[in-house]
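Tertiary structure, described
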Amino acid sequence: MCFSSLPYFSDLAEKSCGVKKIGAFYFFKTEADFQKSGFNHPLAKQFIKKITVDALEYWTLAQKQIARAYNVIVQAEIYLAEVPYYRPYLWQDFLNMGGLFENKHIASFSALYAKHPIILNCSGWLSGKLKMDEGIVPTRGQSEILINMPAGPSCHFPDLGLYIIHRPQNKDCILGASHQEYDEETTARFADSEQLLAMAQHFVPYSPETHSGSLVGIRCGRADVCLDTEHYSRPHGQAGLILHNYGHSGSGFSAAWGCAEHILNTIKASAASQNCTPAI
Ligand SMILES: Cc1cc2nc3c(=O)[nH]c(=O)nc-3n(C[C@H](O)[C@H](O)[C@H](O)COP(=O)(O)OP(=O)(O)OC[C@H]3O[C@@H](n4cnc5c(N)ncnc54)[C@H](O)[C@@H]3O)c2cc1C
């Protein structure tokens, strides 16, 4: 689904909406670790090249020393979605298309059957409660925001669970992220902050003035994304359709457009079989 999203991000990068193509470095301890990563996908090959430490121009000696501990270094072109700009853009797009919003807790899908012929379940990790999905692993993630940082390389160290991403438009740097399974605590923890700041210190030196705060979210961990469909009977015997879309773990932004495309096709196919046209 992440790869199906790429053409959409390519279009978005042409607009002023917080999406940009950036360069980033990925560090793998072994070839086997690289093979297990998403970069091993045939479609990824056009965006990456393997490099050596010598190609890391403008890196400090301390940074190069860290890089030398990794056998596979990948230089990649990735799409960065700067959330403070991207989400308002998506929201405005939704409103422009006539989208209506109501903020309401849903105790069960059946509460929606009478009014809605199609229900799209995007309730994230809380699908564990709403759909009774026992395969969901709520996975806490804490990240740190640093401001007034000099521009530097965006780096990912999967073995450490660390990424350092410079956000050019927001003029800050994100250090992420902890990965704590079966943990639903949404307040920030000092120990997590300290750990991330210490791991990243050779790339983004910490000072109390530059650390502007922590962010905490709960990922919807699952063995794979759930894009199941369910049918239900509406009052007066009409058919209803529930489309599930959750379980993206740490890739919900990356996979969003591919999943949306899949869901739209499912709705169109269902409408065609019932001889009606959805207004989308
Ligand atoms: C630290 C961290 C770093 C991440 N980094 C990345 C990254 O680099 N790239 C990437 O692609 N993804 C990343 N992710 C994952 C990404 O943020 C998620 O996959 C994405 O936000 C999931 O979006 P969602 O809308 O499906 O679910 P959510 O954002 O969880 O939204 C679900 C919504 O449903 C609502 N809801 C739930 N139950 C009910 C109910 N019963 N009634 C009414 N409303 C309900 C909730 O209130 C919430 O608003 C990261 C996540 C974390 C925590």
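All of these numbers come straight from a predicted model, not from anything done at the bench.

We now examine the overall build of the protein. Helix and strand counts for the protein come out as seven helices and 12 strands. If one aligns the C-alpha atoms of the protein with their principal axes, the spans along those axes are about 70 × 40 × 35 Å. The buried share of the protein, reckoned over its 280 residues, is 20%. Sequence-distant contacts in the protein: of pairs separated by 6 or more residues, those separated by 24 or more amount to 73%.

This part is about the sheet that holds strand 4 (residues 118–121). Taken in spatial order, the three strands line up as 4-12-11 in an open sheet, and their pairing is mixed. In this open sheet, the two strands that pair with only one neighbour each are strand 4 and strand 11 (229–233). Along the sheet, successive strands turn relative to each other by an average axial angle of 20°, direction set aside. Sheet topology note: the strand 4/strand 12 (residues 239–244) ladder contains four bridges and is parallel. Bridging across to strand 12, Ile-119 finds its partner in Ile-242.

Moving on to the domain arrangement of the protein. In terms of domains, the protein is made up of domain 1 (1–103), domain 2 (105–134 + 224–273) and domain 3 (137–221). One C-alpha centre belongs to domain 1, the other to domain 3, and the line joining them spans 16 Å. Taken together, the contact pairs 18 residues of domain 1 with 14 residues of domain 3. If you list the elements that add at least two residues to the side of domain 1 that touches domain 3, you get strand 1 (19–28), helix 3 (61–67) and helix 4 (83–96). In terms of residue count, strand 1 provides more of the side of domain 1 that touches domain 3 than any other element does, seven residues in total. Split by residue class, the side of domain 1 that touches domain 3 holds 11 nonpolar, three polar and four charged.

Definitions and cut-offs
- Residues numbered from 1 in each chain as written.
- Predicted model: local features only at pLDDT ≥ 70, side-chain atom pairs only at ≥ 80, totals over all residues.
- Helix = DSSP H or I, 4+ residues; strand = E, 2+ residues; numbered from the N terminus.
- Buried ≥ 20, exposed ≤ 12 C-beta atoms within 10 Å, placed from the backbone.
- Contact = placed C-beta atoms within 7 Å.
- Pairing = 2+ DSSP bridges.
- Axes fitted to C-alpha atoms, helices over the stretch in contact; angles between N-to-C directions.
- Domains from an automatic or database assignment.
- Nonpolar A, V, L, I, M, F, W, Y, C, P; charged D, E, K, R; others polar.

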